[in-house]
Amino acid sequence: MSNLERKIHPSTAVLTAGFDPALSVGSARPAVFRSSTYVFPSPEAAERAFAILGGRIKPEAGESADLIYSRFNHPNAEIVEEHLLPLESRGRAAAVFNSGMAAIMTAIMAHTRPGDAIVYTVPIYGGTQSLIQNFLEPWGILGVPVPGGDAAAIDKAIQHTPHCRIVLIETPANPTLTMTDIRQAVESAARREPKPLVMVDNTFLGPAFQHPLELGADVTLYSATKYLGGFSDILAGVAISKDPDVMRPIRGRRSLFGNILAPDECWILDSRLPTVHLRMNRQSKNAQRIAERLAGHPAVASIFYPTLFKDPEQIRIRQAQCDYPGGIFSVDLKGGKAAAFEFLRHLQVARNAVSLGGVETLVCHPRSTTHSAVSQEELQLSGVVDGLVRVSVGIEDWRDVLTDFENALQQALKVTA
Ligand SMILES: *Cc1c(COP(=O)(O)O)cnc(C)c1O
């Protein structure tokens, strides 16, 4: 690492690090290398590459394992992984996957065996919940749910769950933005021997506003389909660790499962990284302005947004681990489902779609869509009530989105008894 590289900041490094134009015939932006296989300069080089890949010999300092076959590794994956590192404070090793679920599944499967257990916060992303309950549990890996934000319950589960190998935290949680104290979970995990790995799904606030590796977490996980991709036009996932030894088995499983992100998608994701802070800053400012104005609206029963938290413990966690409140809020409408549907029906700027983190504002009704498979009891626990709509704010002029919401709320009022 040169002196220059050591001193530069993340927003510069994302544009300058890890990509050598000379390897792309001088092109200022990386080329796309679609090859499925790579030519060796000699049979000895092929032998050495496979020995490194198989972990039989360690690469020399500065020697990168040669390119072999694109299910293991390819240039566009290497480039985007290098560019992800400066964005994730303390990150030293990254791996890209063909979806967020692929990243989560591979990280868990790389660090558990049948007989092990995972402690995880709820509510958690529906796909993750289903992965644990419907796949990992029958497979012999016990899932122990704990309510997000409840530090005592999380500590108890970490201390008392036999063979606990992973603590998986999603914070803020979808759709009520309940926050879990990452540092407390890290400290609790550190008191167990062997220490479980702490993994944080950082999709909602990272990489701009929340830095789990700084707080002691071992792995951050992303659905890069959301803010990292930023335009609702690719599926991708990311795992980042401060410890290359934690990442090595994850990359090994990726080679086996064949869920590495493809070259074209890597190139697209790479092109979105330099603007992720710009987009997220704008989205957070927009969301804050809109949420704070909607809070007193007569159609609104309550609003869920980090700067509008009332619970002192939630405020404490927000202040301890989040730089800005982010681009997502939820509103509970007084008129229940009928009002929520009427609101969605009358939106003209925002669009009714699931997913989040794109440059365009998206709104959905979790109870009938993303959370429709969740049991009544769990819905109650996670606060997914009939009148709840979730909003992912884009980069539009916030005044147009606010006007759109106010107009649609007037319509919702008509069906509010
Ligand atoms: C979308 C999402 C996922 C799943 O990511 P995919 O890219 O859809 O596979 C996981 N966690 C969170 C918090 C998400 O929002």
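The shown structure was predicted, so the numbers you read here are calculated from the model rather than taken from an experiment.

Colleague: When you look at the sheet that holds strand β1 (residues 93-97) in this model, what are you seeing that I'm missing?
Modeller: Taking strand neighbours across the sheet as the criterion, the 7 strands line up as β1-β7-β6-β5-β4-β2-β3 in an open arrangement whose pairing is mixed. Taken across any chain shown, the strands that pair with only one partner, and hence form the sheet edges, are β1 and β3 (142-147). Strand-to-strand twist of the sheet, defined as the mean angle between neighbouring strand axes without regard to direction, takes the value 20°. Taken together, the 5 bridges between β1 and strand β7 (residues 237-241) define a ladder with antiparallel strand orientation. Each residue of the ladder has a partner; that of F97, found in β7, is G237. Here helix α5 (residues 100-110) sits on the sheet and contacts β1, β2 (117-122), β4 (164-170), β5 (197-201), β6 (219-223) and β7; the angle it forms with β6, its principal contact strand, is near 155°.

Colleague: For this particular structure, what's the right way to read the packing of aromatic side chains?
Modeller: How two aromatic rings sit relative to each other is given by the distance of their centres and the angle of their planes. With the rule as written, the count across this model stands at 6 aromatic pairs. Taken together, a centroid distance of 5.7 Å and an interplanar angle of 65° make the contact between Y69 and F72 edge-to-face. For Y69, a relative accessible area of 35% translates into the label partly exposed. Centre to centre, the rings of F329 and F405 are 6.4 Å apart; their planes meet at 85°, and the pair counts as edge-to-face. Remark: F405 occurs in helix α15 (residues 398-414) and F329 occurs in strand β9 (residues 328-333); sequence separation between them is 76 residues.

Colleague: What exactly am I supposed to notice about the layout of surface pockets here?
Modeller: The probe, sized like a water molecule, is rolled over the atoms to show the empty space still left. Quantified by volume, the second largest pocket comes out at close to 450 Å³. Together, 23 residues line the second largest pocket, and P123, Q129, V374, E378 and S382 are the ones closest to its centre. Contributing elements (two or more residues each) for the lining of the second largest pocket: β2, α6 (126-136), β3 and α14 (376-382). The dominant element in the lining of the second largest pocket, judged by the number of residues it contributes, is α6, at 5 residues. Tallied by class, the residues present in the lining of the second largest pocket amount to 9 nonpolar, 13 polar and 1 charged. Two domains each put at least three residues into the lining of the second largest pocket: domain 1 (3-274) and domain 2 (276-416).

Colleague: Looking at this model, I keep getting lost on the site of the ligand. Mind explaining?
Modeller: The local shell around the ligand holds 13 residues, among which M101, D201, S223, T225 and K226 are the closest. Between the ligand and S223, the relevant distance is 2.8 Å, taken from an oxygen atom to a side-chain nitrogen or oxygen of the residue. When the ligand is considered free in solution it has 380 Å² of accessible area, and contact with the protein chains removes 93% of it. Top element by residues in the shell around the ligand is α5. It accounts for 3 residues.

Colleague: Which parts of the structure should I look at to understand the pairing of β3?
Modeller: The side chains of a regular strand alternate between both faces of the sheet. Sheet topology places β2 next to β3; 6 bridges connect them, and they run parallel. If you follow V119 over to β3, its bridge partner there is V144. For the crossover from β2 across α6 to β3, the handedness is right-handed.

Colleague: Before we go on, may I ask you to explain the pattern of salt bridges in this structure?
Modeller: Once the charged atoms of two side chains with opposite charge are near each other, the side chains can pair. In the structure shown here, the tally under the stated rule is 14 salt bridges. For D218, the salt bridge is made with K195, and the minimal N-O distance between the two is 2.8 Å. Here D218 is found in the loop between β5 and β6, whereas its partner K195 is found in the loop between α8 (182-190) and β5, with 23 residues between them in sequence. Of the charged contacts, one joins D397 and R399 as a salt bridge, the two residues approaching to 2.7 Å between their closest N and O atoms. When salt bridges that share partners are traced, they join E81, R251 and R254 into one network.

Colleague: What is the right way to read the pairing of β4 from this model?
Modeller: Most of β4 sits out of view: 6 of its 7 residues are buried. Bridge analysis of β2 against β4 gives 4 bridges, and the strand direction is parallel. Of the residues in β4, the one forming a bridge with I118 is I166. Across 5 bridges, β4 lies against β5 in parallel orientation. Along β5, the bridge assignment pairs I166 with L197. Between the parallel elements β4 and β5, the chain passes through α8 in a crossover that is right-handed.

Here is what the cut-offs are and how they apply
- Residues numbered from 1 in each chain as written.
- Predicted model: local features only at pLDDT ≥ 70, side-chain atom pairs only at ≥ 80, totals over all residues.
- Heavy atoms only, no water.
- Pairing = 2+ DSSP bridges.
- Helix = DSSP H or I, 4+ residues; strand = E, 2+ residues; numbered from the N terminus.
- Axes fitted to C-alpha atoms, helices over the stretch in contact; angles between N-to-C directions.
- Contact = heavy atoms within 4.5 Å.
- Phe/Tyr/Trp six-rings, centres within 6.5 Å; stacked < 30°, edge-to-face > 60°.
- Buried < 20%, exposed > 50% of the residue type's maximum accessible area, 1.4 Å probe, protein only.
- 1 Å grid on protein atoms, 1.4 Å probe; cavity = no way out; pocket = protein on both sides within 12 Å on 5 of 7 lines; lining within 4 Å.
- Points joined across faces, edges and corners; volume = space filled by probe spheres on them.
- Nonpolar A, V, L, I, M, F, W, Y, C, P; charged D, E, K, R; others polar.
- Domains from an automatic or database assignment.
- Near = heavy atom within 4 Å.
- Polar contact = N/O pair within 3.5 Å; in protein donor to acceptor, adjacent residues only side chain to side chain.
- Areas by Shrake-Rupley, 256 points an atom, 1.4 Å probe, with all protein chains shown as cover.
- Right-handed = clockwise from strand over helix to strand, strands pointing away.
- Salt bridge = Lys/Arg side-chain N within 4 Å of Asp/Glu carboxyl O.

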